Structures are given as C-alpha cells and as structure tokens.
Amino acid sequence: QVQLVESGGGLVQPGGSLRLSCAASGSIFSIDVMAWYRQAPGKQRELVAVITSGGSTNYADFVKGRFTISRDNAKNTVHLQMNSLKPDDTAVYYCNADVRITLLSRRAYWGQGTQVTVSS
C-alpha cells in the first residue's frame, strides 16, 4: 500500500508565503509525475502544478511566477513553495502521485489534503 502525507498548510496574510510538502511511503518502485491540486469551497478540484521525474514542470496560469514545485526523487517527496499568496489561493491543497509499485503496475494516489487559508 502507498500513502501520501501532506504538511505545511495554515493561515497566512495576503502577500505571505507557505511551503507545502508531500511524502510518499509504502511499496514504491518509482514515481512518475507528481502534482499539486487544490479545491476551494463550492468549486471543482483544479491542477496547480506538476513535475515529472526528470524535473520538468508546468503551472496553472493563476500561479505562474508565484508558486514553485520541486521534488526529491530519493526521498519520494514533492514540495510547493507558494509566494505572494492571495485570498483566492485559499483552498484545500492535495498532493497527487503517479506511482509504480512494479515496473508494469502504475496507479495514481492522493493525499488527504492540507488547508491553506489566505486572510488578513
């Protein structure tokens, strides 16, 4: 079994910063793509940022220039550095990982989510 555990959420003032982390554990052969999603109250879950095992990244337009995704393949972790936070960034942030338990067996896993609240 594979588990993803997020940490680093909290309450921050507009313009502030937070760093989210997600650690994957369990029977992991390798991890392909890792990503962060978010879901605000009453809205659909949306992709925030994605990073491949090779380090290629892609960002949603609404976070470009403010958020940075990174990963440590040796530790099976992914991070999201969030700067210049806005009230609209308030949401539950979820980690997602495309995990191979064996070379030929792959499926997506989700973390439990961590709350980020941007408010003065």
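Going by the structure above, here's the rest.
Given the structure is predicted, the values throughout are model-derived calculations rather than measurements.

1. Some details on the pattern of salt bridges
- Evaluated as defined, the whole model comprises seven salt bridges.
- With its nearest N and O atoms 3.4 Å apart, the salt bridge here joins Asp98 to Arg106.
- Relative accessible area serves as the criterion here: at 18%, Asp98 is assigned to the buried category.
- Overlapping salt bridges, with partners in common, bring together Asp32, Asp98, Arg100 and Arg106 in one network.

2. Digging into the nonpolar core
- Among the nonpolar cores identified, the biggest contains 30 residues, and Trp36, Val48, Phe67, Val78, Leu80, Met82 and Tyr93 are the most heavily contacted of them.
- Elements that contribute at least two residues to this core include exactly β1 (2-7), β3 (18-26), β4 (30-39), β5 (46-51), β7 (67-72), β8 (77-82), β9 (91-102) and β11 (114-118).

3. Observations concerning the packing of aromatic side chains
- By the definition in use, this model includes two aromatic pairs.
- Pairing Tyr94 with Trp110 gives two aromatic rings, centres 6.5 Å apart and planes at 85°, and the pair type is edge-to-face. Of the two residues, Tyr94 is situated in strand β9 and Trp110 in strand β10 (residues 105-110); the sequence distance between them amounts to 16 residues.
- Take Trp110: its relative accessible area is 39%, and that puts it in the partly exposed class.
- In textbook terms, an aromatic cluster arises when at least three aromatic residues are bridged by ring pairs, as seen for Tyr37, Tyr94 and Trp110.
- Its end group placed over the ring of Trp110, Arg45 keeps NZ or CZ at 4.6 Å from the ring centre.

About the cut-offs
- Think of each chain on its own: its residues are numbered from 1, step by step along the sequence as written.
- For a predicted model such as this one, the threshold for reporting local features is a pLDDT of at least 70, and the threshold for listing and counting side-chain atom pairs is 80 or more; totals across whole chains, interfaces and linings nevertheless cover every residue.
- The basis for the side-chain values is all heavy atoms of the structure; hydrogens and waters are excluded.
- By convention in these notes, a salt bridge is any Lys or Arg side-chain nitrogen within 4 Å of a carboxyl oxygen on Asp or Glu.
- For every residue, the accessible area obtained with a 1.4 Å probe (protein chains only) is divided by the maximum for its type, and the residue is called buried under 20%, exposed over 50%, and partly exposed between those limits.
- Throughout, nonpolar core names a set of buried Ala, Val, Leu, Ile, Met, Phe, Trp, Tyr and Cys residues whose side chains join them through atoms within 4.5 Å.
- Numbering goes from the N terminus for both helices and strands, where a helix is a DSSP run of H or I of at least four residues and a strand is a run of E of at least two.
- Aromatic contacts are taken between Phe, Tyr and Trp rings whose centres are within 6.5 Å, Trp giving its six-membered ring; a plane angle under 30 degrees counts as stacked, one over 60 as edge-to-face, and the others as tilted.
- Only lysine NZ and arginine CZ atoms are considered, and such an atom sits over a ring when it is within 6 Å of the ring centre and within 35 degrees of the ring normal.

That's the geometry; what it means functionally is another story.
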